[in-house]
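# Reading the structure
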Amino acid sequence: MHEVKGGCLCGSIRYESADHPALIAACHCTHCQKQSGGAFSVNLVMPLAGVKLTGSTLATFNDVGGSGMPVKRHFCSSCGSPIFSELDAMPGVAAVKAGTLDDPAWASPQVNLWCQSALPWVPMAEGSAQFDQNPPA
Ligand SMILES: [Zn+2]
Ligand SMILES: [Zn+2]
């Protein structure tokens with residue numbers, strides 16, 4: 001079984017959850033590009049209540065998503081790693097950043113979101129669902 005267990009670069013923040021991700025989504029929005037410093041972020045869509053966090057360096061950037069709704073981007077204030085986001089558009093959900101898993105190899109994205117700002121050199125898995133913005137509700 002794949003473990004949802006990970007932490008930030010400096011090791012100050014650790015998290016784990018016994019839940020399985022409801023969805024694994026690559027987000028190509030410009031804010032995820034900025035925050036990750038990469039081409040996209042990979043998010044495990046998880047029940048927020050099941051995510052157990054330890055560490056005292058979690059900080060929050062209050063962002064506004066492409067939907068126009070608030071997004072709280074939680075990150076480690078010591079090393080800067082993004083850890084998870086909370087979206088007002090999806091209450092009770094934590095979007096955990098898959099790159100912070102101890103073993104991210106299994107976290108292959110099932111869907112690609114915000115493809116309208118995807119970088120032209122990013123390959124997407126054949127057969128994966130692709131949406132210009134968020135998927136229709
Ligand atoms: Zn850290
Ligand atoms: Zn995004």
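This text gives an overview of the structure that appears in the document. (Residues numbered from 1 in each chain as written. Chains lettered and ligands numbered in written order. Predicted model: local features only at pLDDT ≥ 70, side-chain atom pairs only at ≥ 80, totals over all residues. Heavy atoms only, no water.)

To continue, consider the pattern of salt bridges. The final tally for this structure, using the stated rule, is two salt bridges. One salt bridge in this structure joins aspartate 102 and arginine 14, with 2.7 Å as the shortest N-O distance. Linking aspartate 102 in the loop between β9 (90–97) and β10 (111–113) with arginine 14 in strand β2 (residues 14–17), this pair joins segments that are 88 residues apart in sequence. A salt bridge links aspartate 63 to arginine 73; the shortest N-O distance between them is 2.9 Å. (Salt bridge = Lys/Arg side-chain N within 4 Å of Asp/Glu carboxyl O. Helix = DSSP H or I, 4+ residues; strand = E, 2+ residues; numbered from the N terminus.)

On to the coordination of the zinc ion (ligand 1), then. Those protein atoms acting as donors to the zinc ion (ligand 1) are Cys8 (SG), Cys10 (SG), Cys76 (SG) and Cys79 (SG), and they sit at 2.3 to 2.4 Å. In primary sequence terms, the donor set of the zinc ion (ligand 1) follows C-x1-C-x65-C-x2-C. Within this pair, whereas cysteine 8 is found in the loop between β1 (4–7) and β2, its partner cysteine 79 is found in the loop between β7 (70–76) and β8 (82–87), the two being separated by 71 residues in sequence. Exposure remark for cysteine 8: the relative accessible area of 10% places this residue in the buried category. A relative accessible area of 27% means that cysteine 79 is categorised as partly exposed. (Donors = N, O, S within 2.8 Å, 3.2 Å for Na, K, Ca; no water. Buried < 20%, exposed > 50% of the residue type's maximum accessible area, 1.4 Å probe, protein only.)

For the rest of this paragraph, the subject is the sheet that holds β2. Spatial ordering of the open sheet is given by β1-β2-β5, a layout of three strands whose pairing is antiparallel. Taken across any chain shown, the strands that pair with only one partner, and hence form the sheet edges, are β1 and β5 (52–54). Taken pair by pair, the neighbouring strands of this sheet meet at an average axis angle of 10°, ignoring direction. Direction of pairing for β2 relative to β5: antiparallel, over a ladder of three bridges. Bridging from a neighbouring strand, glutamate 16 pairs with lysine 52 of β5. (Pairing = 2+ DSSP bridges. Axes fitted to C-alpha atoms, helices over the stretch in contact; angles between N-to-C directions.)

Note on the zinc ion (ligand 2): its protein donors are Cys27 (SG), Cys29 (SG) and Cys32 (SG). The metal-donor distances range over 2.1 to 2.3 Å. Every donor residue of the zinc ion (ligand 2) comes from the same chain, spaced as C-x1-C-x2-C. When sorted by exposure, cysteine 27 lands in the same class as cysteine 29, which is buried.

Our next topic: the sheet that holds β7. With mixed pairing, the eight strands of this open sheet are ordered in space as β6-β7-β8-β9-β4-β3-β10-β11. Each of the sheet's edge strands pairs with one partner strand only, and the pair in question is β6 (58–64) and β11 (129–130). As paired elements, strand β4 (residues 41–47) and β9 share five bridges and run antiparallel to each other. Note that in β9 the partner of asparagine 43 across the bridge is lysine 97.

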